[in-house]
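Residue-level structural notes
The residues making up each chain are set out below.
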Amino acid sequence: MTELMIVDDEPHSVDSLADTIDWASIGICGVHKAYSAPEALDKLKETPVDIIITDIHMPKMNGLELIEEIRKVWPRTKCIILSGYAEFEFAQKAMQLKTMEYLLKPVLNEEIIEKVKVLTKELQGEWSEISSREQAVRAVKENLPLLRGNLLLEFLYGSQYSADTWQRKLELLQLPFQFGDRYNKFMIRLEDGFQSFNQGSRPLLEYAVYNIVEEIFGLSFDVWYGKDDYDYHIFLIKWKGDEQERNHYLSALHMKEDEYIDALFSRIQHNVRVFLKGQLSILAGNWEHFPDQLSADYYEMLTIFRQQIGKDSSFCMKLSGYAKDKDVHTLTSLYEPPVLSQLLETGRWQEAEDKLRHIFGQMADEKYKSRDNLIEVYFHIYNAFTYILHRNGRKISEFLGRGLEQLIDGNTYHHAEQLLSRTLRMLHQLRDESLLELKDSRRQTVQEVQRYIENHLAEDVSLQTLSEQVFMHPTYLSKIYKLETGEGVNQYIQRLRKDKAIQLLKHTELKIYEIGNRVGLANTTYFIKQFRKDTGMTPQEFRDSLKG
């Protein structure tokens, strides 16, 4: 359903147009009134509007200026100008601003209805196109390489989704990898030596390397590529065709699978050296069933590149060559995004609790029950809570009180269950205190806004002005004000104006127009109309009723 707003500095014109047309019959579900351009902009910040009908000649800001402001924030809003001005420059300016219609007063209701019908139909067509599946599919296709790379990073970094969710993502991005497929992975590090490429040309260089890999592997393999945050390039491969076709192909080449892949790696290094004048190193993984070991092998390969290979360059090695038995295994759940500190910082309390339970759930596995893993988790949690407390300007001693010594003394935690229990108590304490602080902060903001309105009622108390006083975005201020008070800012202003007008009518001899000025409604006609709407009487009738 479509929302419409009528804007004019003559209240009777707005009311007449709003009240005499059966808007619902043409698909208009809400009709909003504004008696000035600034009031219209304020209301637009609170309520989405699809069609604007506005007069041109208005004080402070005319209709064309209003449309210019609307176009900056709400470019799809349709506008109709109603005006008694027939000068060509107005019509020309209106067309430049993409105003759909320019109608000269007086105009028949039927004509307005017909124009609004046309705009409503156009809006429906535009939004149907924007939200259509075809549009979504087209957008996905245009950004397919980037989206595929981002999805691979989610796998590598260990993001947690259900198998069904992963599979839907794979299908959406038209990736030929499915759960259970036999796959392998390899990591490439670009070395020094690409003299012909400066830093600005690096994306072009990376694209060229990817094309070389795709050209060489693409004949026999499906290839999935991504680049991580450390400038390593990760490729996943799986054979095209079934096992029988693969074996037949390798037999014709008189090569084993590993020999064939090693030959492809050599061709990649050769082509990069010849055509790009540079060197690269390759570290290959092991064959697994997708997505088993994908994240674990990725982190293992990163470690090998950094700690064991170091500055060596132009090599081609296999992960299996570095395999060794480990007494301690990294708790990958600790480092899967979002990490605990991010969840605490953004106040995602339930997700933080779920994260902790997931971490300690992994620790239940026999290979993660070492004292070293318990210490690893302890320091991770300690650092996360320290970070968020210090970021909020708080001391750990103030937060924990006598429990600080227990936290510092890591020896008090001999079992994962003890650490989890203590950590959950800390999380719940931080959650409760943070929510209380947030509520207090919102309450103070509301009180500050109300004080400003009370002291400046006769002046500019628009939402924009109020938001500037409390250093908030107008939309956010409107939202928290309603959350705390149950009414909108404009409703409060209107109620305050009514109450103050009643007091002035009761206890002063001020004239009606003077009272209107005192409550911020300098347009006497509009003041009288609004007062009658609120009380059922005009200001003079109310004053007369007091005399008995």
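As a starting point, this report considers the structure included with it.

What counts, and at which threshold
- Residues numbered from 1 in each chain as written.
- Predicted model: local features only at pLDDT ≥ 70, side-chain atom pairs only at ≥ 80, totals over all residues.
- Heavy atoms only, no water.
- Phe/Tyr/Trp six-rings, centres within 6.5 Å; stacked < 30°, edge-to-face > 60°.
- Buried < 20%, exposed > 50% of the residue type's maximum accessible area, 1.4 Å probe, protein only.
- Helix = DSSP H or I, 4+ residues; strand = E, 2+ residues; numbered from the N terminus.
- Lys NZ or Arg CZ within 6 Å of the ring centre and 35° of its normal.
- Axes fitted to C-alpha atoms, helices over the stretch in contact; angles between N-to-C directions.
- Parallel < 35°, antiparallel > 145°, perpendicular 65-115°, else oblique.
- Left-handed = near helix turned anticlockwise from the far one by under 90°.
- Contact = heavy atoms within 4.5 Å.
- Nonpolar A, V, L, I, M, F, W, Y, C, P; charged D, E, K, R; others polar.
- Salt bridge = Lys/Arg side-chain N within 4 Å of Asp/Glu carboxyl O.

Another aspect to go through is the packing of aromatic side chains. All told, the structure shown has 32 aromatic pairs when counted by the stated rule. Residues Tyr-161 and Trp-166 carry aromatic rings whose centres are separated by 4.8 Å and whose planes lie at 85° to one another, so their mutual orientation is edge-to-face. Relative accessible area serves as the criterion here: at 6%, Trp-166 is assigned to the buried category. Their ring planes at 75° and their centres at 5.8 Å tell us that Phe-531 and Phe-542 sit as a pair that is edge-to-face. Of the two residues, Phe-531 sits in helix 24 (residues 524–535) while Phe-542 sits in helix 25 (residues 539–546), which places them 11 residues apart along the sequence. Like Phe-542, Phe-531 is buried. Its end group placed over the ring of Tyr-161, Lys-169 keeps NZ or CZ at 4.8 Å from the ring centre.

Turning our eyes to something else, we now look at the packing of helix 2 (residues 37–46) against helix 3 (residues 63–73). Interaxial distance between helix 2 and helix 3 falls to 10 Å at its minimum, and their mutual angle equals 20°. Classed by the angle they form, the pair helix 2 and helix 3 counts as roughly parallel. Judged by the twist between their axes, the crossing of helix 2 over helix 3 is right-handed. The segment helix 2 lies against helix 3, with Ala-37, Ala-40, Leu-41 and Leu-44 engaging Leu-66, Glu-69 and Ile-70. For the contact of helix 2 with helix 3, a count of residues per class yields six nonpolar, no polar and one charged.

To continue, consider the pattern of salt bridges. Evaluation of the coordinates by the stated rule reveals 25 salt bridges. For the salt bridge of Lys-33 with Asp-15, the shortest nitrogen-to-oxygen distance reads 3.2 Å. Linking Lys-33 in strand 2 (residues 28–34) with Asp-15 in helix 1 (residues 11–20), this pair joins segments that are 18 residues apart in sequence. Given the relative accessible area of 23%, Lys-33 is considered partly exposed. The class for Asp-15 is buried, based on a relative accessible area of 6%. Here Glu-351 makes a salt bridge to Arg-348, at a shortest N to O gap of 3.0 Å. Through salt bridges with shared partners, one network takes in Asp-15, Asp-19, Lys-33 and Lys-529.

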